[in-house]
Amino acid sequence: MANLPLVPLTHGEGVRAIAFDGAGAVDLDTFCRQVRAVAAMLPPGRHAINLCEDRYRFLVAFCAAAVRGQTTLLPPSRAPAVIDQVREQYPDSHCIGDDALALAPPDCFHLPQPLPELDGAPLQIDTNAVVAIGFTSGSTGQPRPYAKTWASFRTSTAQNLAALDGLLNAAGVTHAVATVPPQHMYGMEMSVLLPLLGTVAVHSSRPLFPADVARALHDAPTPPLLVTTPVHLRALVAEGIALPPLAGIVSATAPLPAELARAAEERFGCQVREVFGSTETCVIARRRTARETAWTPLPGVRLAPQPDGTAVHAAHLAEPVVLADLVEVDPIDGRFELRGRNADMLEIAGKRASLGDLTRKLLAVPGVVDGVVFQLDDADAMGVRRIAALVVAPGLDEAAIVSALRQQIDPVFLPRPLRRVAALPRNETGKLPRDALNALLHD
């Protein structure tokens, strides 16, 4: 039997930091000893669902599972019903949790406190092993699984390091603080794979509120990189909270408004770099949103528009992946601009519009704090699928919002119904699962 193509699980010297918090840093040697010990303790099975709240413990559990030859499942949510659904799809799975996990399945394996350590040979795994299966967020329908091999992760992480060139510390370790969960593919790429395969140390927490983000950033011994989302970034700018000097800010999971990017650059004195990707493709492009509208593909990535979306060709993809996004590609330099999503395009009474543009116009109404425009699943008596909206606007009534929209959009695209709500049902990364929108609309 041929030898398996084994490759290292981590990058760098054993003394370099891989994680940190207010108490100090964890070096790579200590991390590897803890991974060996936890790997020896894991329950048997082909799949593991990593529910750890603490990011460092997620790192340990993810690598321990990989060393044992187990694939980590990354559900779109850690809600008990979603976990149960995934376990029905993968009956040979077990859950891994930590002390911070509020709702743990009854048979969940809890990482010991403190983490044990075990000496041994350098950590290596099969480069072709499927180490993770990510699930889409469900914002456009039912979540779908996408398998990721260690080889594809190694290649895509090299591309991400290139995308962050200029924001990373070229002479030493870059300290990163992430507001996104490691279970999300963006969080996996930027707060798990970068520390494993780049010279990056990640904060063990996942701060949510501006004051918590500021505290975590102050724990970094060097200017840190903030990995976040437009929702969190807007809160940081609005609160006016003081942050330490930053190496840069990275944003993803939802479109970043140019005005917010400019406000953040001015407020925090650093570059805001937006990255574009998906669970299916991982990150494939970047841009400085405050100054440019076009996206620059990462090295080895090429986009090919087609009638039903865009085919993504990349070195880390076994075959082209077709996204629903519609793009316009510059034939000379390959940069591209988004023109909406195939599923977002509307045609009613011979007129065309996009849900993304309608949502932007809704958010531009003075007094609107948050909102979304979406199309209902069922058609009316005329065979037309109506457009609805959910809006967070404490100082406005629904009639005033509709009146303001009437000045901006064609009457056929006015949302009916439009409902004012206390908050939108955003998930951990700020996305809006379609089933949650429908449930709130009909509540």
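The structure contained in this document is the topic of the report that follows.

The rules behind each value
Residues numbered from 1 in each chain as written. Predicted model: local features only at pLDDT ≥ 70, side-chain atom pairs only at ≥ 80, totals over all residues. Heavy atoms only, no water. Pairing = 2+ DSSP bridges. Helix = DSSP H or I, 4+ residues; strand = E, 2+ residues; numbered from the N terminus. Axes fitted to C-alpha atoms, helices over the stretch in contact; angles between N-to-C directions. Core = buried A, V, L, I, M, F, W, Y, C linked by side-chain atoms within 4.5 Å. Buried < 20%, exposed > 50% of the residue type's maximum accessible area, 1.4 Å probe, protein only. Contact = heavy atoms within 4.5 Å. Expected span 1.5 Å × (residues − 1). Salt bridge = Lys/Arg side-chain N within 4 Å of Asp/Glu carboxyl O. Parallel < 35°, antiparallel > 145°, perpendicular 65-115°, else oblique. Left-handed = near helix turned anticlockwise from the far one by under 90°. Nonpolar A, V, L, I, M, F, W, Y, C, P; charged D, E, K, R; others polar.

Points about the sheet that holds strand β19 (residues 309-314)
Spatially, three strands are ordered β18-β19-β20 in an open sheet, and the strand pairing comes out antiparallel. Two strands in the sheet have a free side with no partner beyond their single neighbour: β18 (301-306) and β20 (321-323). Geometrically, the sheet is characterised by an average inter-axis angle of 30 degrees between neighbouring strands, direction not taken into account. The sheet contact formed by β18 and β19 spans six bridges and is antiparallel. What sits directly across from P305, in β19, is T310.

Section: the nonpolar core
Ranked by size, the top nonpolar core spans 42 residues in total, and within it F31, F62, W150, F153, M188 and L196 carry the most contacts. Put simply, the parts of the chain that give this core at least two residues each are β2 (17-21), α1 (28-41), α2 (55-67), β9 (130-135), α4 (150-163) and α5 (185-197). With ten residues, the top contributor of residues to this core is α2. Excluding anything up to four places from it in sequence, W150 contacts V7, P8, L9, F62, I125, D126, T127, A129, V131, L193, L196 and L197.

Some details on α4
The terminal C-alpha atoms of α4 lie 20 Å apart, and with 14 residues this matches the ideal 20 Å at 1.5 Å per residue to within 8%. W150, S152, F153, S156, T157, Q159, N160 and A163 are the residues of α4 that are buried.

What about the pattern of salt bridges?
Scanning the entire structure with this criterion turns up twelve salt bridges. In this structure, R360 and D357 form a salt bridge, with 3.9 Å as the shortest nitrogen-oxygen distance. Here R360 and its partner D357 are both found in helix α9 (residues 355-363), three residues apart, which amounts to about one turn of the helix. Taking relative accessible area as the criterion, R360 reaches 52% and is therefore assigned exposed. Sharing partners across several salt bridges, the network here consists of E328, E337 and R339.

Side note on the packing of α1 against α2
Running from N to C, α1 and α2 cross one another at 60 degrees; their axes reach a closest spacing of 8 Å. With respect to α2, the axis of α1 lies oblique. Crossing geometry of α1 relative to α2 is assigned as right-handed. For the pair formed by α1 and α2, the contact residues are F31, Q34, V35, V38 and A39 on the first element and Y56, L59, V60, C63, A64 and V67 on the second. A per-class count over the contact of α1 with α2 returns ten nonpolar, one polar and no charged.

Comments concerning unusual backbone geometry
Cis peptide bonds are those with omega within 30 degrees of zero, and the linkage from Q113 to P114 qualifies with 0 degrees. Locating P114 in the fold gives a position in the loop between β7 (109-110) and β8 (124-126). In this chain, R416 is followed by P417 through a cis amide linkage whose omega measures 10 degrees. You can see P417 is positioned in the loop between α10 (398-406) and β27 (418-420). For C282, which is not a glycine, the phi torsion comes out positive at approximately 65 degrees. Structurally, C282 is set in strand β16 (residues 282-287).

Here's the deal with the sheet that holds strand β5 (residues 71-74)
Within the open sheet, the six strands sit side by side as β7-β6-β4-β5-β9-β10. Their pairing is mixed. The open sheet has two edge strands with one neighbour each: β7 and β10 (145-149). Sheet topology places β5 next to β9; three bridges connect them, and they run parallel. Each bridged residue has a counterpart across the sheet, and for T72 the counterpart in β9 is A132. Taken strand by strand, α2 contacts β4 (47-50), β5, β6 (93-97) and β9, and its axis lies near 175 degrees from that of β4. Where α4 meets the sheet, it contacts β9 and β10, and its direction lies at approximately 80 degrees from that of β10.

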